[in-house]
Amino acid sequence: MGRRFTETDLRGADVLWLLELTFAGRLWRFSTELVDIEGEVYLGSLSNVSYDDEVTWASAEYELPSASVSVVFPEDIALLIAQGHDLSAASGELSLWIKGSGLADKRIVVSGHANTADYGAAGEPVSFSLEPDWLDNSALYPPPTHIIDEITWPNHSPNYGGKTYPTVIGAPGFALQRPRTPIYIVDDSSGSELGLIAGHRVAATFIFVYGSDGTSSTRAVTHTTDALGCEVAVINMHTMPSITGNTYWARWGEGDLDAPPNWLNAGGLLNPFQSEQARLLVLTDDQKPVDFLVGAGDVIRWALSQSGLKVDRGRTVSNVDTLNDFLIQGFIGETVDIMDWLKTEVLPLLPVSLAVSGQGVYPIVWDYRATSVASLTSGIDIQRVGRVEYQDNEIRNEISLRWAYNVASQDFSRRSTLTGDPIAETSNLVGRNVFTQSSRARFGSRASESESTMVADLATAYKILAWQSIAFGKKHRRLKYDADISLGWLNPGDIVEISDEPLSLMSQRMMVQNIKWGEISLTIDFLMIPNLIDDTIIAQG
């Protein structure tokens, strides 16, 4: 896997497109220019290269990456196909290569199978697109064997047969004093009653137990295995007043029997990335890193690792750290397609889009206040194409989030709101800011309410409302510019400052949204999200 190009790499560089195509039992090599790279000859008959590095703003759905190309084969392609070789079964890899560099330093743009191909007689161009063939992969989580039945737990209570082992993320209930996850009785034998609290090893040493009969107590957490060898977290239920006919739930974050709640020993699923000391880690009050999965960035990374999809790990790791201030706390209570769960339960809470590179799926964080990576001037660095386009994005200025899910009542116990009403009474659950007020003054009240079972603390609830108040307060604008391929180091999500005097723009912060690659040039779409604080012009909506 080649590295991503930097601004230094591309400054004054001569860049060629390379195509390696496996067809008719052979590997064919083409380029936009005849070239010998480390003894491998690439024929110079590659042309009409087009590739869109496209993402949808703040969307959990990613665009299918596709590149279109034309090549002239040195042999009679029609004859090869007539002999039984199927061009639609060909596979290939399209990449960018800087002259003078090693082949290992090429940037893979897209790899996959040939699609929508057409061809003619010998010497005529063959045209087709390349599309990844791994995006159809999916994976169920937890595994189908993580279920309570006669095999895994022969002595389980009949009430819990068929239940999926819970996957506990964060420390649900830590700050809310509410039951947040289920407890399943997997052994109701007299004297050895056992409650399963998670289908994996956990960080917590104690939990607080609630019973439907009104009983409650603190219980020590231990680990054991089911009959198939799966490690699970359990508690001893022997001294509970009554097992039969009762339902039990857990609150995470309990200290030991004589100590107050302890965040350090509070959580569920262990964080597989916690040992990476250079990364931002969620800390306890005494600045000790917690060792359980709770930061949204790490949760995204974990879910992608379980998805069965090819993951661009380099971009994923570098992008997700900024999201770890958002805490994800709840549980997965049934077998799910993990990508569907990620798209439905986590990503809508965050300023994130999913994108696809030649190396796989990765998240893009839409951080409009991030450091600008470039200052570009229209007429010098870039050339404007067409006019400014207003986008038809949703307007929100009365934004509410229902959170703090109570698994016992199956309802939410908290509702936080950011309002644009200048006279509304504020509290710790109702606030306002300059973005909601400005939006309401221009568009009137535009209400939006969502809910999440994965949010369990007030700070995270307001972080979610805050980014949405900026992102959806005004109508977005899109500007399109042509650029030299030397700006190919830019990536969707990057913040740049653009000056375009005829448009009265001076060092205006914009976000790279889409990059369309041609053979020797780029067309870049920039997204302008009006921001009263950071704009260098009055943010008109």
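Everything that follows concerns the structure shown earlier in this document.
Residues numbered from 1 in each chain as written. Predicted model: local features only at pLDDT ≥ 70, side-chain atom pairs only at ≥ 80, totals over all residues. Heavy atoms only, no water.

A.B. asks: Before we go on, may I ask you to explain the overall build of the chain in this structure?
C.D. replies: Within the chain one finds seven helices and 32 strands. Out of the 541 residues in the chain, the part that is buried amounts to 53%. A separation of at least 24 residues holds for 68% of the contacts in the chain among residues at least 6 apart in sequence. For the chain, the accessible area works out to roughly 22,600 Å², and carbon and sulfur atoms hold 48% of it. Taking the 40 positively charged and 68 negatively charged side chains of the chain as two groups, their mean positions are separated by 7 Å. (Helix = DSSP H or I, 4+ residues; strand = E, 2+ residues; numbered from the N terminus. Buried < 20%, exposed > 50% of the residue type's maximum accessible area, 1.4 Å probe, protein only. Contact = heavy atoms within 4.5 Å. Areas by Shrake-Rupley, 256 points an atom, 1.4 Å probe, with all protein chains shown as cover. Lys, Arg positive; Asp, Glu negative; His and termini not counted. Charge placed at Lys NZ, Arg CZ, Asp CG, Glu CD.)

A.B. asks: Hey, could you run me through helix α7 (residues 458–471) in this one?
C.D. replies: Side chains that are three or four residues apart share a direction in an α-helix, a result of its 3.6 residues per turn. Along its 14 residues, α7 runs 20 Å from first to last C-alpha, staying within 8% of the 20 Å computed at 1.5 Å per residue. Along α7, the residues that are buried comprise T460, A461, I464, L465, W467, Q468, S469, I470 and A471. Those residues of α7 that are buried lie in contact with β25 (398–406), β26 (411–418) and α6 (434–443). (Expected span 1.5 Å × (residues − 1).)

A.B. asks: Can you walk me through the pattern of salt bridges in this structure?
C.D. replies: Should their charged atoms come close, side chains of opposite charge can pair. Inspection of every chain in the model, using the stated rule, returns 20 salt bridges. One continuous salt-bridge network, built from bridges that share partners, spans D14, E33 and K99. (Salt bridge = Lys/Arg side-chain N within 4 Å of Asp/Glu carboxyl O.)

A.B. asks: Any chance you could explain the nonpolar core here in plain terms?
C.D. replies: Proteins that are soluble and globular tend to have nonpolar side chains buried together. Within the largest apolar cluster, 111 residues are counted, with the highest numbers of intra-cluster contacts made by F23, L94, W302 and W341. With residues up to four places along the chain from it excluded, the contact list for W341 reads I169, V299, W302, A303, I332, V336, V346 and M454. Listed in part, the 34 residues of the second largest apolar core include Y160, I185, V202 and M237. (Core = buried A, V, L, I, M, F, W, Y, C linked by side-chain atoms within 4.5 Å.)

A.B. asks: Which parts of the structure should I look at to understand the environment of R387?
C.D. replies: As for its placement among the helices and strands, R387 is situated in the loop between β23 (382–384) and β24 (389–390). Sequence-wise, R387 and Y481 are 94 residues apart; in three dimensions their C-alpha atoms are separated by 10.0 Å.

A.B. asks: Any chance you could explain unusual backbone geometry here in plain terms?
C.D. replies: Glycine aside, a negative phi is what most residues show, and trans is what most peptide bonds show. Across the junction of Y141 and P142, the peptide omega takes the value -10°, indicating a cis bond. Along the chain, P142 turns up in the loop between β10 (140–141) and β11 (167–169). With phi around 55°, E38 is a residue other than glycine that occupies positive phi space. Topologically, E38 is positioned in the loop between β3 (35–37) and β4 (40–42). Residue class for E38 comes out exposed when judged on its relative accessible area of 60%. The backbone of N48 sits at a positive phi, close to 55°, despite the residue not being glycine. In this fold, N48 is placed in strand β5 (residues 46–54).

A.B. asks: Please explain helix α4 (residues 313–320) as it appears in this structure.
C.D. replies: Within α4, burial applies to R315, T316 and V320. For α4, the angular spread of buried residues about the axis comes to 110°, placing them on one side. Each element contacted by the buried residues of α4 is listed here: β8 (107–118), α3 (296–305), β20 (352–357) and β21 (360–365). (Arc of directions from axis to C-beta.)

A.B. asks: Could you clarify how one ought to interpret the environment of F23 in this entry?
C.D. replies: Take F23: it is sitting in strand β1 (residues 15–23). In this structure F23 comes out as buried when scored by relative accessible area, which is 2%. Measuring from C-alpha to C-alpha, the distance between F23 and S59 comes to 36 Å, with 36 residues separating the pair along the chain. Once residues lying within four places of it in the same chain are set aside, the contact partners of F23 are W28, F73, I77, L80, I81, H85, D86, L87 and A90.

A.B. asks: How do you make sense of the sheet that holds strand β15 (residues 216–225) when you look at a structure like this?
C.D. replies: Where strands meet in a sheet, backbone hydrogen bonds hold them as pairs that are either parallel or antiparallel. Reading around the barrel, the six strands line up as β12-β13-β16-β15-β14-β17 and close back on themselves, with antiparallel pairing between neighbours. Averaged over all neighbouring strand pairs, the angle between strand axes comes to 45°, with direction disregarded. Bridge count for strand β12 (residues 181–187) against strand β17 (residues 248–252) is three bridges, and the pairing is antiparallel. Across the sheet, the residue bridging to T181 is A250, located in β17. (Pairing = 2+ DSSP bridges. Axes fitted to C-alpha atoms, helices over the stretch in contact; angles between N-to-C directions.)

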